[in-house]
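This is what each chain is made of:
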Number of protein chains: 2
Amino acid sequence: MDKHYYPYEDFLTDTKILVEKIDWKFDSIIAIARGGLSLAQLLGEYYNIREVYSINTIGYEDTAKLESVEVFNIPELKYANTVLIVDDIIDSGDTLVKVLQVLRQAYPNVRFRTAALFYKKSAKIAPNWYVQEADKWIEFFWTVDMKRNI
Amino acid sequence: MDKHYYPYEDFLTDTKILVEKIDWKFDSIIAIARGGLSLAQLLGEYYNIREVYSINTIGYEDTAKLESVEVFNIPELKYANTVLIVDDIIDSGDTLVKVLQVLRQAYPNVRFRTAALFYKKSAKIAPNWYVQEADKWIEFFWTVDMKRNI
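About the cut-offs
- Residues numbered from 1 in each chain as written.
- Chains lettered and ligands numbered in written order.
- Predicted model: local features only at pLDDT ≥ 70, side-chain atom pairs only at ≥ 80, totals over all residues.
- Heavy atoms only, no water.
- Helix = DSSP H or I, 4+ residues; strand = E, 2+ residues; numbered from the N terminus.
- Buried < 20%, exposed > 50% of the residue type's maximum accessible area, 1.4 Å probe, protein only.
- Contact = heavy atoms within 4.5 Å.
- Core = buried A, V, L, I, M, F, W, Y, C linked by side-chain atoms within 4.5 Å.
- Pairing = 2+ DSSP bridges.
- Least-squares fit on C-alpha atoms with pLDDT ≥ 70 in both.
- Expected span 1.5 Å × (residues − 1).

A. Representation of the overall build of chain A within the structure. From N to C terminus, chain A includes four helices and eight strands. Judged by the C-alpha coordinates and their principal axes, chain A covers about 45 × 45 × 25 Å. Counting across all 150 residues of chain A, residues that qualify as buried make up 55%. Taking as baseline every contact in chain A between residues at least 6 positions apart, the subset at least 24 positions apart corresponds to 66%.

Structure representation (structure tokens):
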């Protein structure tokens, strides 16, 4: 698959586009780690939201070649009513489906919506807001810049 | 106090310097949110560590004008032996002192060390590794870039 380098400048541009699209008020942000961490930090600063949390997932291939996802480090949402869940890319959608399921079960009275920079049309779930459709392998700056000589 | 804009390029350069300094092997990373989130993401990718967590703090001024810090969302460290705690800047040191205290109490068998990009000499604790001493107010890119027209 073609690789597409995604530098910080594009990330910044797209995050600005993302906040233009998000027509919803929320009081907390949950980053799906690791992919959503930098995005969550910028959004937390932009919206002046200090309630920025993260959640972890591990994907397993089970015997039937279906991916199963374990979710852990579910943040404590004592005062949250409306939470934006963010990730860099919605790929298969397995992670986001499971994260939503676990969070909705843990917090039935909290409303969750989702945002991502990239979304693959083949994913089983679409985020509420996204910026670009991904048809290539995205090399995010946080993955490659530390290994590049620039 | 003078303000010093700290762009992504400087962050990348300093993070490269930081990993040169860190002469320790660790299996997990905890970001102090929000400040340490982007740094934790880059380090997690660089070291190929998927166990990247976050922890939250709230600072209160109590009546005696001493800052007291509440720590919450303590990550589950089932398999961790050695954990690097990261933040953008060690300012007063109150947050780091309290985070270390809470984590060491929760996980007496886990070894914790600390890293930051900036450190103020007046802080009550120094991180194990840092890159720059801070004598100005640092305007990190994640705080200001979303509001700048670039």
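From this point, the narrative continues.
B. Just the nonpolar core, in detail. Core analysis: the biggest nonpolar cluster contains 66 residues, and Phe11(A), Leu84(A), Val86(A), Phe11(B), Leu84(B) and Val86(B) have the highest contact counts within it. Not counting chain neighbours up to four residues away, the residues in contact with Leu84(A) comprise Ile22(A), Trp24(A), Phe26(A), Ser28(A), Ile29(A), Ile30(A), Leu43(A), Arg113(A), Thr114(A), Ala115(A) and Trp129(A).

C. Here's a closer look at the pairing of strand β5 (residues 82-90) of chain B. Residues and elements named next belong to chain B. With nine of its nine residues buried, β5 lies for the most part within the structure. Judged from the four bridges that link them, strand β2 (residues 28-32) and β5 form a sheet pairing that is parallel. Counterpart to Ala31 in the pairing with β5 is Val86. Note: β5 against strand β6 (residues 111-119), eight bridges, orientation parallel.

D. Just the relation of the copies chain A and chain B, in detail. Superposing chain A onto chain B takes a rotation of 180 degrees plus a shift of 0.0 Å along the axis, which leaves an RMSD of 0.0 Å. Both copies are brought into coincidence by an operation consistent with a two-fold rotation axis. Residue Ser38(A), judged by its C-alpha, is the member of chain A lying nearest the rotation axis, at 2.2 Å.

E. Structural context of the environment of Ile32(B). Residues and elements named next belong to chain B. The topology assignment puts Ile32 in strand β2. Between the C-alpha atoms of Ile32 and Tyr8, which are 24 residues apart in sequence, the distance is 19 Å. Look past the residues within four positions of Ile32 in its chain and what remains in contact with it is Leu37, Ile55, Thr57, Ile85, Val86, Asp87, Thr95, Leu96 and Val99.

F. Focus on helix α3 (residues 94-106) of chain B. Residue and element names in this part refer to chain B. Taking 1.5 Å of rise per residue, 13 residues should cover 18 Å, and α3 covers 18 Å from first to last C-alpha, within 8% of that figure. Of all the positions in α3, only Asp94, Leu96, Val99, Leu100, Val102 and Leu103 are classed as buried. Contacts made by the buried residues of α3 are with β2, β3 (52-61), β4 (67-72), β5 and β6.

G. Focus on the environment of Ser68(A). Residue and element names in this part refer to chain A. Along the chain, the position of Ser68 falls in strand β4 (residues 67-72). Assessed through its relative accessible area of 30%, Ser68 is described here as partly exposed. Between the C-alpha atom of Ser68 and that of Trp129, which follows or precedes it by 61 residues, the distance is 25 Å.

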